[in-house]
Amino acid sequence: MDPVTNPYSPGAGLRPRELAGRDNEIETFGVLMERAASGLTSRSVVLTGLRGVGKTVLLNELADRTRKAGWIVGRVEAESSEGGRPFRQQVAQTLNRALREASGSWGLVDRVRRALGTFKSFSLRTDPSGGLSIGIEIDPERGRADTGSLDTDLTDLALDLSDAAFDFGTGVALFVDEMQELDGSELAAICQTCHEAGQREAQFYVVGAGLPSLPRVLAEARSYAERLFQYWPIGALDPDDAASALIKPADDVGVTWENQAVETIVLRSAGYPYFLQEFGKAAWDFAPGPDISLRDAEAGIQAGMASLDQGFFRSRWERAAPTEREYMRAMAEDGDEPSQSGEVAKRLGKKSTAVGPARANLIHKGLVYAPEHGVIAFTVPGMADFITRQPAN
Ligand SMILES: Nc1ncnc2c1ncn2[C@@H]1O[C@H](COP(=O)(O)OP(=O)(O)OP(=O)(O)O)[C@@H](O)[C@H]1O
Ligand SMILES: [Mg+2]
């Protein structure tokens, strides 16, 4: 069928036509927003899951909802401390825009003026030549957000912004994608800010998304982090939701899926959103129309698998050096299940210390992660299977 009207969206952060299976998260977040409007606080939120499960699209959906409700909303994608933009600068830039919007619609009442001043101090620290322009003349608020230490300054900024938002019955939310990329001091600053805000009943929330290792790195940054956040594991969709991710977008444009075609793709994708989109798209492109048959689905899976192998999996495999590939090959004996690091070393006939650098490099490259101490797992589903299909070199 016409690829121009293809309603599936395999990719990174591309909003699917049907955001399937996330109603619980959206509802729970709605409760947080409603509570905030009545001055009641809740814990901040951290979404965790493997690559391609839909963390970014869910994060964006939640951000849209807070924006529509008139909150001050910032959104950043964390970058690694080597070479990436500093977190402080990113926060300053995103909140700059949010504040300009808020001050435009709220007017320069006292608390907004003060929040703008605090913001000015905060941003002067990232850009001493004058801070970010906020479009109006405002003096930096002395003694607020100007110590240069991120935890103190972010706390000041969060408190003053939420003070301003409070007058309008809303709050402040900072959305942080790829949160595991932040370093220990940045994570600690986030924890401390949420902790202070909670104690003062300020409506300031961080909504983070990251790999399943994120709760562990947060707990390392601040031991109380496990009680500070609500952790929402984002995973594969259950079969009904996976089916609606396929059926609904087609139905909207008058195209029907045969039951067996849906069942086959749901099964082969194991409900992983990215695979569902990839197979759905390929099946659509293959189908002569007007409906999508089992044959189309099978051809779609084949084409989709080839495309995953060529892109998604191969790019990861090629990023690994030979010793790192050996390490992953030893992990792949456990399939997609996590492996014991000691056991992997044993399979390679080496001591754990000898394979330590390969393991560390793989973590650094984002190909594997440590769900807990001494355990190692792939960051994408299906990687083990891909590896076993690669010829030994
Ligand atoms: N709930 C959903 N229903 C249907 N499709 C979805 C859903 N969530 C995500 N997708 C699709 O899955 C793909 C991956 O989504 P997304 O980029 O949000 O994943 P991610 O978890 O952020 O991945 P990464 O860790 O690589 O950043 C996209 O093609 C998106 O359209
Ligand atoms: Mg993402």
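Residues numbered from 1 in each chain as written. Chains lettered and ligands numbered in written order. Predicted model: local features only at pLDDT ≥ 70, side-chain atom pairs only at ≥ 80, totals over all residues. Heavy atoms only, no water.

**Quick notes on the pattern of salt bridges**
Using the criterion set out here, one finds 24 salt bridges in the structure. Glu79 is the partner of Arg85 in a salt bridge, and the nearest nitrogen-oxygen pair spans 3.6 Å. Its relative accessible area of 37% is what places Arg85 among the partly exposed residues. Here Asp309 ties to Arg389 by a salt bridge, and the two come within 2.5 Å at their closest N and O atoms. One end of the pair, Asp309, is in helix H12 (residues 294-319); the other, Arg389, is in the segment after helix H16 (383-388), with 80 residues separating them in the sequence. By relative accessible area, which is 38% here, Arg389 ends up partly exposed. (Salt bridge = Lys/Arg side-chain N within 4 Å of Asp/Glu carboxyl O. Buried < 20%, exposed > 50% of the residue type's maximum accessible area, 1.4 Å probe, protein only. Helix = DSSP H or I, 4+ residues; strand = E, 2+ residues; numbered from the N terminus.)

**Topic: the packing of aromatic side chains**
In the structure shown here, the tally under the stated rule is 14 aromatic pairs. With 6.3 Å between their ring centres and 80° between their planes, Tyr8 and Trp257 make a pair best called edge-to-face. Within this pair, whereas Tyr8 is found in the segment before helix H1 (23-37), its partner Trp257 is found in the loop between helix H9 (239-251) and helix H10 (259-269), the two being separated by 249 residues in sequence. Here Tyr8 matches Trp257 in class, with each residue buried. Relative to Phe312, the ring of Phe275 lies with its centre 6.0 Å away and its plane at 90°, an arrangement referred to as edge-to-face. With Phe275 in helix H11 (residues 273-286) and Phe312 in helix H12, this pair connects stretches of sequence that are 37 residues apart. (Phe/Tyr/Trp six-rings, centres within 6.5 Å; stacked < 30°, edge-to-face > 60°.)

**Concerning the sheet that holds strand E6 (residues 339-340)**
In spatial order, the strands read E6-E8-E7; together these three strands make up an open sheet with antiparallel pairing. Two strands bound the open sheet, and with one partner strand each, they are E6 and strand E7 (368-369). Pairing of E7 with strand E8 (residues 375-378) involves two bridges; the strand directions are antiparallel. Paired with Tyr369 across the two strands is Ala377, which belongs to E8. Docked against the sheet, helix H13 (residues 322-331) engages E6, E7 and E8, running at close to 95° with respect to E8. (Pairing = 2+ DSSP bridges. Contact = heavy atoms within 4.5 Å. Axes fitted to C-alpha atoms, helices over the stretch in contact; angles between N-to-C directions.)

**Concerning the sheet that holds strand E1 (residues 44-48)**
On the basis of which strands lie adjacent, the open sheet formed by five strands has the order E2-E3-E4-E1-E5 and parallel pairing. Looking along the sheet, the strands with just one partner apiece sit at the ends: strand E2 (72-77) and strand E5 (229-233). With strand direction ignored, the average angle separating the axes of adjacent strands in the sheet is 15°. Of the pairings in the sheet, the one linking E1 to E5 comprises five bridges and is parallel in character. Note on E5: the bridge partner recorded for Leu47 is Trp232. Contacting E1, strand E3 (172-177), strand E4 (204-210) and E5, H1 runs over the sheet at an angle of about 160° to E5. Its contacts with the sheet put helix H6 (residues 184-199) on E1, E4 and E5, and the angle it makes with E4 is roughly 145°.

**Side note on the layout of surface pockets**
Take a probe with the size of a water molecule and roll it over the atoms, and the empty space left behind shows itself. Quantified by volume, the second largest pocket comes out at close to 260 Å³. Lining the second largest pocket we find 14 residues, and of these Arg67, Val73, Arg97, Ala98 and Glu101 sit closest to its centre. Among the elements of the structure, E2 and helix H3 (87-106) are those that each provide at least two residues to the lining of the second largest pocket. If you tally residues by element for the lining of the second largest pocket, the top one is H3, at seven residues. When its residues are assigned to classes, the lining of the second largest pocket shows six nonpolar, four polar and four charged. (1 Å grid on protein atoms, 1.4 Å probe; cavity = no way out; pocket = protein on both sides within 12 Å on 5 of 7 lines; lining within 4 Å. Points joined across faces, edges and corners; volume = space filled by probe spheres on them. Nonpolar A, V, L, I, M, F, W, Y, C, P; charged D, E, K, R; others polar.)

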